[in-house]
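Okay, here's what each chain looks like letter by letter:
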Amino acid sequence: MRPRQLIARAADLLFPLRCAGCGAFDTPLCARCGADLVPATGPGRCGFCSAAWDGEGFCPRCFGWRELAGVRAVYEHTGAARALVHRLKYERYRALAPLMANRLAAAAAALPVDGWVAVPLHRRRERERGFNQAELLLRRAGLPPAPARLRRLRHTGSQVRRTAAERAAALAGAFACDGPPLDGLRIGIIDDVITSGATVRECARALRDRGAREVWAFSFTRASLDLARPDSPIDH
Ligand SMILES: [Zn+2]
Ligand SMILES: [Zn+2]
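Here the structure is a predicted model, which means the values were calculated and not measured.

Structural notes on the nonpolar core
Link 1 in the chain: Judged by nonpolar contacts, the single largest core of 39 residues is most densely connected at Leu 104, Trp 116 and Phe 220.
Link 2 in the chain: Mapped by element, the contributors of at least two residues to this core are β1 (70-76), α3 (79-90), α4 (97-109), β2 (115-118), α6 (133-141), β5 (186-194) and β6 (214-222).
Link 3 in the chain: With seven residues, α4 is the largest single contributor of residues to this core.
Link 4 in the chain: The residues contacting Leu 104, other than those within four sequence positions of it, are Val 74, Leu 137, Ala 141, Leu 143, Ile 190, Phe 218, Ser 219 and Phe 220.

Structure follows, in structure tokens:
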């Protein structure tokens, strides 16, 4: 095991389990914070990309997302749900993964998907972190894996504080699909959070180039970008 992975494992053992919302001990999420989570499903959400949307049909954020059949998520990227995503990823707090995967599993399994892939990290990023959070969620959720997998071709750097347009430009052609052809298969992509959609759209392109018939994207949280400020940098 590499030193960074050892540190990550040690952190899992040393730090007591605490609620991501309020810090209460012995639980990854207490009942009160759990009740405050905002679902990314049902009324008030876009029927295509699951972002917050009070209008009819689809919202303007996902206009022209032809690579995808749709985006689904469990929660809006706010409050304790946002804290869970951040603690898993940036604090490498892997003890949160079973809870998050649990909440994701049933809804993801209900989608018309034959096999699942995780959004890949660049090798360098995965070495730094010790694990890939999307891969961890996929494995823990027990969803059937696709016969092929995605690979990140280049290190695109952090997307934090880039605008949606900058993210799309940075990620263009950043993924490849390895393994047998996906001819006729319906593939699902798992990520921890979907924000501008640039990452999952590029992943979907690589999967469709490999023959996938239909591609869905599914995340633990959906960050609904502010429709009034489409060109502003995104701070997560
Ligand atoms: Zn709490
Ligand atoms: Zn939408």
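What to know about the coordination of the zinc ion (ligand 2)
Link 1 in the chain: Here the zinc ion (ligand 2) is held by the protein donor atoms Cys 46 (SG), Cys 49 (SG), Cys 59 (SG) and Cys 62 (SG), which lie 2.3 to 2.4 Å from it.
Link 2 in the chain: Of note is the zinc ion (ligand 2), whose four donor atoms meet at the metal with angles of 100 to 122° in an arrangement that counts as tetrahedral.

A look at the packing of aromatic side chains
Link 1 in the chain: Across all of its chains, the model carries three aromatic pairs by this definition.
Link 2 in the chain: On the numbers, 5.5 Å between centres and 75° between planes, the contact of Tyr 75 with Phe 220 is edge-to-face. You can see Tyr 75 sitting in strand β1 and its partner Phe 220 sitting in strand β6, a full 145 residues away along the chain.
Link 3 in the chain: Its end group placed over the ring of Phe 25, Arg 18 keeps NZ or CZ at 4.1 Å from the ring centre.

Observations regarding the coordination of the zinc ion (ligand 1)
Link 1 in the chain: Of the protein atoms, only Cys 19 (SG), Cys 22 (SG), Cys 30 (SG) and Cys 33 (SG) coordinate the zinc ion (ligand 1), at distances of 2.3 to 2.4 Å.
Link 2 in the chain: In terms of primary sequence, the donors binding the zinc ion (ligand 1) are separated according to C-x2-C-x7-C-x2-C. Of this pair, Cys 19 sits in the loop between α1 (3-14) and α2 (31-35) while Cys 33 is found in helix α2, placing the two residues 14 residues apart along the sequence. Cys 33 shares its class with Cys 19; the two are buried.

Comments concerning the side chain of Arg 152
Link 1 in the chain: Tracing the backbone through its elements, the reader meets Arg 152 in strand β3 (residues 149-152).
Link 2 in the chain: No salt bridge is formed by the buried Arg 152, whose closest oppositely charged neighbour, Asp 191, lies at an N-O distance of 6.3 Å.
Link 3 in the chain: Within the structure, the side chain of Arg 152 is placed 2.9 Å from the backbone oxygen of Pro 120, a separation counted as a polar contact.
Link 4 in the chain: At a separation of 3.0 Å, a polar atom in the side chain of Arg 152 contacts the side chain of Thr 156.
Link 5 in the chain: Dropping the residues within four chain positions of it, Arg 152 is found in contact with Val 119, Pro 120, Leu 121, His 122, Leu 171, Ala 174, Phe 175 and Thr 199.

Points about α3
Link 1 in the chain: For α3, built from twelve residues, the straight-helix expectation of 16 Å at 1.5 Å per residue is met to within 8% by its first-to-last C-alpha distance of 16 Å.
Link 2 in the chain: Where α3 is concerned, the buried positions are Ala 80, Ala 81, Leu 84, Val 85, Arg 87, Leu 88 and Lys 89.

Some points on the packing of α4 against α6
Link 1 in the chain: Two elements in contact, α4 and α6, have axes separated by 8 Å at closest approach and are oriented at 65°. Here the hand of the crossing between α4 and α6 comes out right-handed. For the pair α4 and α6, the contacting residues are Ala 97, Pro 98, Met 100, Ala 101, Leu 104 and Ala 105 in the first and Leu 136, Leu 137, Arg 140 and Ala 141 in the second.
Link 2 in the chain: Of the residues that constitute the contact of α4 with α6, the class distribution is nine nonpolar, no polar and one charged.

Quick word on the sheet that holds β1
Link 1 in the chain: What the four strands build is an open sheet, ordered β1-β6-β5-β2; its pairing is parallel. The sheet terminates laterally at β1 and β2, the two strands that pair on one side only. Sheet twist, expressed as the mean angle between neighbouring strand axes with direction ignored, is 25°.
Link 2 in the chain: Relative to β6, β5 runs parallel, the two being bridged by eight bridges. Within β6, the residue paired with Ile 194 across the bridge is Arg 222.
Link 3 in the chain: Packed on one face of the sheet, α4 meets β1, β2, β5 and β6 and runs near 145° to β6.
Link 4 in the chain: Packed onto the sheet, helix α8 (residues 198-209) meets β2, β5 and β6 and runs at close to 160° relative to β5.

Cut-offs applied
- Residues numbered from 1 in each chain as written.
- Chains lettered and ligands numbered in written order.
- Predicted model: local features only at pLDDT ≥ 70, side-chain atom pairs only at ≥ 80, totals over all residues.
- Heavy atoms only, no water.
- Core = buried A, V, L, I, M, F, W, Y, C linked by side-chain atoms within 4.5 Å.
- Buried < 20%, exposed > 50% of the residue type's maximum accessible area, 1.4 Å probe, protein only.
- Helix = DSSP H or I, 4+ residues; strand = E, 2+ residues; numbered from the N terminus.
- Contact = heavy atoms within 4.5 Å.
- Donors = N, O, S within 2.8 Å, 3.2 Å for Na, K, Ca; no water.
- Tetrahedral: all angles 85-135°; square planar, octahedral: opposite > 155°, others 65-115°.
- Phe/Tyr/Trp six-rings, centres within 6.5 Å; stacked < 30°, edge-to-face > 60°.
- Lys NZ or Arg CZ within 6 Å of the ring centre and 35° of its normal.
- Lys, Arg positive; Asp, Glu negative; His and termini not counted.
- Salt bridge = Lys/Arg side-chain N within 4 Å of Asp/Glu carboxyl O.
- Polar contact = N/O pair within 3.5 Å; in protein donor to acceptor, adjacent residues only side chain to side chain.
- Expected span 1.5 Å × (residues − 1).
- Axes fitted to C-alpha atoms, helices over the stretch in contact; angles between N-to-C directions.
- Left-handed = near helix turned anticlockwise from the far one by under 90°.
- Nonpolar A, V, L, I, M, F, W, Y, C, P; charged D, E, K, R; others polar.
- Pairing = 2+ DSSP bridges.

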